[in-house]
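Coordinates in review
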Amino acid sequence: AVKRRSHPLRRMSGVVIAISTFPDRGTASRIAEQLVSERLAACANISADVQSIYWWQGKLEQAGETLVFFKTTQGRFAQLRERLHVLHPYDVPEIICTNVADGLPAYLSWVRESCENPPP
């Protein structure tokens, strides 16, 4: 029998990246700090401002927003999504998630450990 080698991108790390946009840097920072302090995310990266173009209520809109990348686990994502939805000022906030297929093992372990431990 031939043993098949798994493709590196088919491995699952258990880590996900959740992405959201915010109306301004202050709001992004306040909510990111809250989610990290609650251990719903190990880390939040607040990006430079972005220009968003989107349809909203039948109109083409443009807005300056702040993009945030949250590193969390598959097991904590549902809680992060619900908490972020409650804290977020938008009626329908962007909250999307993508799996991290692979990465530096020590970093991925740190994310998992950071999200597993309850807040002090």
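I will try to describe carefully the structure that is included in this document. (Residues numbered from 1 in each chain as written. Predicted model: local features only at pLDDT ≥ 70, side-chain atom pairs only at ≥ 80, totals over all residues. Heavy atoms only, no water.)

1. Concerning the pattern of salt bridges
Note on pairing: side chains with opposite charge can pair once their charged atoms come close. Going by this rule: Take a side-chain nitrogen of Lys or Arg and a carboxyl oxygen of Asp or Glu: if they are within 4 Å of each other, that pair is a salt bridge. Burial classification: accessible surface area is computed with a 1.4 Å probe over protein chains only, and a residue below 20% of its type maximum counts as buried, one above 50% as exposed, and the rest as partly exposed.
As enumerated under the stated definition, the model contains 3 salt bridges in all. Here Lys 59 makes a salt bridge to Glu 61, at a shortest N to O gap of 3.9 Å. Look at Lys 59 and you get exposed, because its relative accessible area is 51%. A relative accessible area of 23% means that Glu 61 is categorised as partly exposed. Across the pair Arg 81 and Glu 82 runs a salt bridge whose closest N-O atoms are separated by 3.3 Å.

2. Focus on the sheet that holds strand E1 (residues 15-22)
Put simply, the rule reads: A pair of strands is labelled paired if DSSP reports no fewer than 2 bridges between them. Starting at the N terminus, helices and strands are each numbered in turn, a helix being any DSSP run of H or I of at least four residues and a strand any DSSP run of E of at least two. An axis is simply a line fitted to the C-alpha atoms; with a helix, the fit covers only the stretch in contact. Between two such axes, the angle follows the N-to-C directions and lies from 0 to 180 degrees. Contact criterion: two residues are considered in contact whenever any of their non-hydrogen atoms come within 4.5 Å of each other.
Spatial strand order, E2-E3-E1-E4: 4 strands in an open sheet with antiparallel pairing. Of all the strands in the sheet, the pair left with one neighbour each is strand E2 (43-56) and strand E4 (96-99). Between one strand and the next, the sheet's axes are offset by a mean angle of 30°, whatever the strand orientation. The pairing of E1 with E4 spans 4 bridges and is classified as antiparallel. Each bridged residue has a counterpart across the sheet, and for Val 16 the counterpart in E4 is Asn 99. Sitting on the sheet, helix H3 (residues 105-116) touches E1, E2 and strand E3 (59-73), and the angle it makes with E3 is about 90°.

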